[in-house]
Every structure is written in structure tokens, then in C-alpha cells.
Amino acid sequence: MDGGPDGVRTRRLLRPVAAGAAARRSGRPGRCRAEEAVSAPHSNAHVLTCPTRWSDVDENGHINNARLVSYVQEGIYDLFCHHKVAVRESLFPSGFLIARHEIDYLEQLHHQPEPLLVRLTVERLGRSSAHVVVNVCRDPLTYMRARTVVVARDRESGRSRKLSQSERRFLSAFVPGEAVEATASAPSQRVPVSASRSPLPSSALRARRRCRASAR
């Protein structure tokens, strides 16, 4: 323990560490845990709480940008591998692959006792992929926003595979409500053949070709 001028501050920063150790001894969640109750504006989000660490601070005095990416990865791993539904239904048995990260650093993040909220929603689903939006924040500030493409992995080939119906149903629960409603209300882009324009008679087609030829 530092007994110098910063001793009081050091003891204050160590309190969350001691509290986390006590929580682990009592059987409560440890360093990172998923929140069971999420506030109404984020009711379709999966949320992981993660404390920052003094070792995450770089020479500029804030949390290093590479460490922020690791918060995103921890949140995705918790959703796909530790969520109670994913565990109960044995979803993603061979894990997943990260195909893309798109990151915006919005605010400088400093080390504080208050944990971060790593909030995940699913922007859209593809054949084999989920486009996940990850916000790293301490409400009301969002420090980083990532859009990550997560791909289901095939055990034998080590490459991507098609999402199962159970996996699609699981991930659909994290699509924001407005996006779900917009998708449901959007008209289909495929037009049945019977609803398209009826074909022109062959005589009308020949007349149209002659008109085009004479116009040249």
C-alpha cells in the first residue's frame, strides 16, 4: 500500500477490487457479469458490466484504444457463449468468427471505480452472420461504438456456416423493437409473376422494334 501523498487515492481505487474478490468468494458474479434487468430504452439489449483496470491506462492518461476493443470482444463472447439461452440450447457449438470490426471512438475513457456497460444489439441477420452493434458506455456517455460482423463457425471446415433456426431465433431477440417493426411492415421486394405487367402481344413488340429502328 502506498503511504505517500497518493495513498488515499490508491486505497480508494483498490476498493472495487476488494469488493470483486468478496463477490467471488460469496458465489456472486465476478469481474464481468451480464445484467439481468435492463432499462426500458434498451430492453432488447444484452448488457455486460466490466470494470476498467489501472493497467489499461496508457501514457496519455486514458484507457488505451486496443483495450476498448477487448471490451467489445468480451461482450460478444458473453452473448454467444455465456447467455443462458445459448448454453441451454447448445447454440454455436463450434464457436464463431469475427469477420469485421468498424469502430468509432467517441469520448476519452478514464479509469474510474464505476464499471462500464457493454451494451449489444443485433442490427441485422444474414445467412451465416449477425451484424452486432456494441456500445461501451457509462450512462449517459458512450465512449465507443463498434459494428461487428460475427459469423457462425463450422467445426469440420473451420469456415462459416449457415445459422440454424434456433440461433436465428435467439439472435432475433436482440434486434431493437423499432427495427423489428420496420422489418415486419416493410413490403416484400419480390414481385410475383402474376402481379407484374402482362406481356405485350408479339405484334405490338414487332411494332415497337420498328419504331426504335426508325428513330435511329
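Within any chain, residue numbers begin from 1 and follow the written order of that chain's sequence. pLDDT decides what is reported in this predicted model: residues at 70 or higher carry local features, side-chain atom pairs at 80 or more are listed and counted, and totals for whole chains, interfaces and linings draw on all residues regardless. Derived side-chain values reflect all non-hydrogen atoms in the structure, with water molecules and hydrogen atoms excluded from consideration.

Caption draft 1: Examining the overall build of the protein chain more closely. Looking only at helices and strands, the protein chain has 6 helices and 6 strands in total. Mapped in sequence order, the helices and strands of the protein chain form the string α-β-β-α-α-β-β-β-β-α-α-α. Accessible area is worked out with a 1.4 Å probe on protein chains only. A residue is then buried under 20% of its type maximum, exposed over 50%, and partly exposed in between. Burial statistics for the protein chain: of 216 residues in total, 32% are counted as buried. Should any heavy atoms of two residues lie within 4.5 Å, those residues are considered in contact. For the protein chain, restricting intrachain contacts to residue pairs at least 6 apart in sequence, the fraction spanning at least 24 positions comes to 61%. Each accessible area value is a Shrake-Rupley result obtained with a 1.4 Å probe; residue values ignore everything except the protein chains displayed when judging cover. Of the accessible surface of the protein chain, which amounts to about 14200 Å², a share of 51% is contributed by carbon and sulfur atoms. Numbering of helices and strands runs from the N terminus; a helix is a DSSP stretch of H or I covering at least four residues, while a strand is a stretch of E covering at least two.

Caption draft 2: The confidence of the model for the protein chain, seen in detail. A residue's pLDDT is simply how confident the predictor is in it, with values from 0 to 100. On average, residues of the protein chain carry a pLDDT of 75, and 62% of them reach 70 or more. Predicted confidence for residues 181-201 stays below pLDDT 50, and this span has 3 contacts to residues more than four positions away or in other chains.

Caption draft 3: Main features of the side chain of Arg138. Tracing the chain through its elements places Arg138 in strand E5 (residues 129-138). A distance of 3.3 Å separates a polar atom in the side chain of Arg138 from the backbone oxygen of His110. For Arg138, the contacting residues outside a window of four places in its chain are Thr52, Leu109, His110, Gln112, Glu114, Pro115, Leu116 and Tyr143. Whenever two N or O atoms come within 3.5 Å, that pair is a polar contact, provided that in protein one can donate a hydrogen and the other can accept it, and provided that, for residues adjacent in sequence, both atoms are side-chain atoms.

Caption draft 4: Representation of the environment of Ala146. Examined against the element boundaries, Ala146 turns out to sit in strand E6 (residues 141-152). Take Ala146: its relative accessible area is 1%, and that puts it in the buried class. Placed 14 residues apart in sequence, Ala146 and Val132 show a C-alpha to C-alpha distance of 8.0 Å. In contact with Ala146, not counting residues within four places along its chain, are Val72, Glu102, Ile103, Val132, Val133 and Val134.

Caption draft 5: Examining unusual backbone geometry more closely. Residue Asp139 is joined to Pro140 through a cis peptide bond whose omega torsion reads 10°. By secondary structure assignment, the location of Pro140 is in the loop between E5 and E6. The phi dihedral of Ser90 is positive, around 55°, even though this residue is not glycine. One non-glycine residue, Phe92, adopts positive backbone phi at about 50°. Assignment of secondary structure puts Phe92 in the loop between helix H3 (84-88) and strand E3 (96-105). For Phe92, a relative accessible area of 4% corresponds to the buried category.

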